[in-house]
Amino acid sequence: MQEQDIIEKTELFVRDTLQHSESGHNWFHIERVWKNAKHIGQYEPVDMLVVELAALLHDIADSKFYNGDETIGPKMARNFLESQGADTAIIEHVIHIMENMSFRSGYDTPSFISPELQVVQDADRLDAIGAIGIARAFHYGGYKNREIYDPGIPPDLHMDKEAYKKSTAPTINHFYEKLLLLKDKMNTNTGKKIAEERHSFMEKYLQQFYAEWNGEA
């Protein structure tokens, strides 16, 4: 199968699978990550087929919506790619990326690394920060019926992986527990440059948020 053919079929598969997904993790999220990955990947020594397939499939079954089960997404991706006759080495690389790219995976010692993983990871992290990152955070907080902010519940900067997965803290806490940490976790020079501006936007947003909360603006 030609590379463009499998990319197009993967796009259709993901669109169909995620058509009723929560807004922060739906097809539009995938499309943004895919675009980010293609942009970053052009400056890196990577296999763009692996990058594009991993970007398209990375959230095919986000564990947050499957009781924390992190195996469902990779299984779905593997079954799909095998059904398309994809090369075994390509499939294994995509699966390894999916299993190691999330923020939660950062709590563990990395078991796999590759330039392709770094590109897709940066692309996904960029969609978690900046204006869209803020919108996604509050949308998911509302989806989970969480408080916007509670001054009596400080951010927990020392959570382990399980505590992070089970956290029900207010959405503002999520800025300190994840979003503001991502800038310094970027892998590529391109990702780092884009992250700087988005990080700055989040800091300005928080300044305005607290000013309004305290009746100072």
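Going by the structure above, here's the rest.
Residues numbered from 1 in each chain as written. Predicted model: local features only at pLDDT ≥ 70, side-chain atom pairs only at ≥ 80, totals over all residues. Heavy atoms only, no water.

### Remarks on the overall build of the protein
As a reminder of what qualifies: Numbered from the N terminus, helices here are DSSP runs of H or I no shorter than four residues, and strands are runs of E no shorter than two. For the radius of gyration, the atoms used are the C-alpha atoms, and the globule rule reads 2.2 Å times the number of residues raised to 0.38. Exposure classes here rest on a 1.4 Å probe applied to the protein chains alone. A residue is buried below 20% of its type maximum, exposed above 50%, and partly exposed in between. Contact criterion: two residues are considered in contact whenever any of their non-hydrogen atoms come within 4.5 Å of each other. Note on areas: Shrake-Rupley, 1.4 Å probe, and residue coverage restricted to the protein chains presented here.
Summing up its helical and strand segments, the protein has ten helices and zero strands in all. Secondary structure elements in the protein, listed N-terminal to C-terminal, are α-α-α-α-α-α-α-α-α-α. At 18 Å, the protein has a C-alpha radius of gyration in line with the 17 Å of a compact globule built from 217 residues. Its C-alpha atoms give the protein principal-axis dimensions of about 60 × 35 × 30 Å. Counting over 217 residues, the protein shows a buried share of 47%. Of all intrachain contacts in the protein linking residues separated by at least 6 positions in sequence, the fraction that spans at least 24 positions is 66%. Of the accessible surface of the protein, which amounts to about 11,400 Å², a share of 48% is contributed by carbon and sulfur atoms.

### Topic: the pattern of salt bridges
Heads up, the condition is: Each salt bridge in this description consists of a side-chain nitrogen of Lys or Arg and a carboxyl oxygen of Asp or Glu lying within 4 Å of one another.
For the structure shown, the criterion picks out five salt bridges. Among the salt bridges present, the one from Arg15 reaches Glu11, with a minimum N-O distance of 3.1 Å. Of this pair, Arg15 and Glu11 both sit in helix H1 (residues 3–17), separated by four residues, roughly a single helical turn. For Glu11, a relative accessible area of 18% translates into the label buried. With a closest N to O distance of 3.0 Å, Asp184 and Lys183 form a salt bridge. For Asp184, a relative accessible area of 64% gives the class exposed. Look at Lys183 and you get buried, because its relative accessible area is 18%.

### So, the packing of helix H3 (residues 48–57) against helix H5 (residues 88–100)
For any two helices packed against each other, the geometry comes down to the angle between their axes and how far apart the axes lie. Under the convention used in this document: Between the N-to-C directions of two axes lies an angle of 0 to 180 degrees, each axis being a line fitted to C-alpha atoms and, for a helix, fitted only over the stretch in contact. These descriptions rest on fixed angle ranges, namely under 35 degrees for roughly parallel, over 145 for roughly antiparallel, 65 to 115 for roughly perpendicular, and the rest for oblique. Two helices that cross are described as forming a left-handed crossing if the nearer one is turned anticlockwise from the farther one by less than a right angle, and a right-handed crossing if clockwise. Asp, Glu, Lys and Arg are counted as charged, while Ala, Val, Leu, Ile, Met, Phe, Trp, Tyr, Cys and Pro are counted as nonpolar; the rest, among them Gly, fall into the polar class.
Running from N to C, H3 and H5 point in directions that differ by 50 degrees, and their axes come no closer than 9 Å. Considered as vectors, H3 and H5 are oriented oblique to each other. The interaxial crossing formed by H3 with H5 has right-handed handedness. Contact residues: H3 offers Leu49, Val50, Leu53, Ala54 and Leu57, while H5 offers Ile90, His93, Val94, Ile97 and Met98. The class makeup of the residues in the contact of H3 with H5 is nine nonpolar, one polar and no charged.

The values are spatial; any link to function lies outside them.
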